[in-house]
Amino acid sequence: LRGFRIELQEIESVISRCSFVEGVVVVKVGSESSERLVAYLSVREKRGEAARRMMEHGGGGCLRLLCLKYMPQYHVPSQFVLLEGGLPLSSNGKVDRNSLPPPPPLSAQGAKSSGTEAGQQAGEESLRTELEELVSEIWSQVLQLEGPLGPMTYFFEMGGN
């Protein structure tokens, strides 16, 4: 991915350290020019509701920080998708990667900023100049995102290379 050797099992191992994660599978999605990593998660039954609330309120940022603690940036998935019914399994009990749903489209408004505040939204800061607006529009087209990117959006977290 982007010229780096990626070990999906290593990424899965780090994410599975999170107390609410029961199962995880990481896959590469997108075309060759816009490949990115997506982590699909199932949660432990006892912690399911808390995990769902956390993921709805930016929990992917917590998992991203956990990944950054143990791995380089290029190993960190750009999206974390919570699967309500658990990971799809084949008849022999292995994860059926072909049955995983497509990840939701990346949204520029939902993108996390690389700023110091983990929950800061990328779109919170307005674009100030015509150049920022032009760059934002170009990045949105290149990354196939809906809506403009904020000036503090981290290009690589959004799938850029």
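What counts and how
- Residues numbered from 1 in each chain as written.
- Predicted model: local features only at pLDDT ≥ 70, side-chain atom pairs only at ≥ 80, totals over all residues.
- Heavy atoms only, no water.
- Helix = DSSP H or I, 4+ residues; strand = E, 2+ residues; numbered from the N terminus.
- Buried < 20%, exposed > 50% of the residue type's maximum accessible area, 1.4 Å probe, protein only.
- Contact = heavy atoms within 4.5 Å.
- Areas by Shrake-Rupley, 256 points an atom, 1.4 Å probe, with all protein chains shown as cover.
- Arc of directions from axis to C-beta.
- Core = buried A, V, L, I, M, F, W, Y, C linked by side-chain atoms within 4.5 Å.
- Salt bridge = Lys/Arg side-chain N within 4 Å of Asp/Glu carboxyl O.
- Phe/Tyr/Trp six-rings, centres within 6.5 Å; stacked < 30°, edge-to-face > 60°.
- Lys NZ or Arg CZ within 6 Å of the ring centre and 35° of its normal.
- Pairing = 2+ DSSP bridges.

Novice: How do you make sense of the overall build of the chain when you look at a structure like this?
Specialist: Along the backbone of the chain there are four helices and three strands. Taking all 161 residues of the chain together, 42% fall into the buried category. Considering only contacts within the chain whose residues lie at least 6 apart along the sequence, 58% involve residues at least 24 apart. Accessible surface, the chain as shown: approximately 9400 Å² in total, 50% of it carbon and sulfur.

Novice: Sorry, what's going on with helix 1 (residues 8–15) here?
Specialist: Along an α-helix, residues three or four apart share an orientation, since each turn contains 3.6 residues. Those residues of helix 1 that fall on the buried side of the exposure criterion are Leu-8, Ile-11, Glu-12, Val-14 and Ile-15. Across the axial projection of helix 1, the buried residues extend over an arc of 160°, all falling on one side.

Novice: Explain the nonpolar core here, please?
Specialist: Core analysis: the largest hydrophobic core is formed by 20 residues, its most contacted members being Ile-11, Ile-15, Val-26 and Leu-41. Listing elements by their share of this core, those giving two or more residues are helix 1, strand 1 (21–29), strand 2 (36–43), helix 3 (59–70) and strand 3 (79–82). Counting residues in each nonpolar core, the second largest holds nine residues, with Val-29, Val-38, Val-81 and Leu-100 among its members.

Novice: Would you take a moment to explain the side chain of His-75 for this structure?
Specialist: Take His-75: it is sitting in the loop between helix 3 and strand 3. For His-75, the residues in contact, after removing those within four places along its chain, are Arg-5, Ile-6, Glu-7, Ile-11 and Leu-37.

Novice: When you look at the pattern of salt bridges in this model, what are you seeing that I'm missing?
Specialist: Where charged atoms of side chains with opposite charge meet at close range, the side chains can pair. Applying the stated rule across the entire model yields two salt bridges. Residue Arg-5 pairs with Glu-7 through a salt bridge whose shortest N-O separation is 2.6 Å. With relative accessibility at 67%, the residue Arg-5 sits in the exposed group. Exposure remark for Glu-7: the relative accessible area of 22% places this residue in the partly exposed category. For Glu-12, the salt bridge is made with Arg-97, and the minimal N-O distance between the two is 3.3 Å.

Novice: Which parts of the structure should I look at to understand the side chain of Arg-36?
Specialist: Within the fold, Arg-36 resides in strand 2. Residue Arg-36 is classed as buried on the basis of its relative accessible area of 14%.

Novice: Help me out: how do you make sense of the packing of aromatic side chains in this one?
Specialist: For any pair of aromatic rings, the description rests on two quantities: the centre-to-centre distance and the angle between the ring planes. One pass over the full model with this rule turns up zero aromatic pairs. Sitting over the ring of Tyr-70, Arg-17 keeps its end group 4.2 Å from the ring centre.

Novice: Where do I start with the pairing of strand 2 in this structure?
Specialist: Looking along a regular strand, one sees the side chains alternate between the two faces of the sheet. Judged by how many residues are buried, strand 2 sits mostly within the fold: eight of eight residues are covered. Burial of the side chains of strand 2 extends over both faces: Arg-36, Val-38, Tyr-40 and Ser-42 are buried on one face and Leu-37, Ala-39, Leu-41 and Val-43 on the other. Across eight bridges, strand 1 lies against strand 2 in antiparallel orientation. Bridge pairing links Val-25 to Tyr-40 in strand 2. Two strands pair when backbone bridges link them, and strand 2 and strand 3 are joined in this way by four bridges, in the parallel orientation. Across the sheet, residue Ala-39 finds its bridge partner in strand 3, namely Phe-80.

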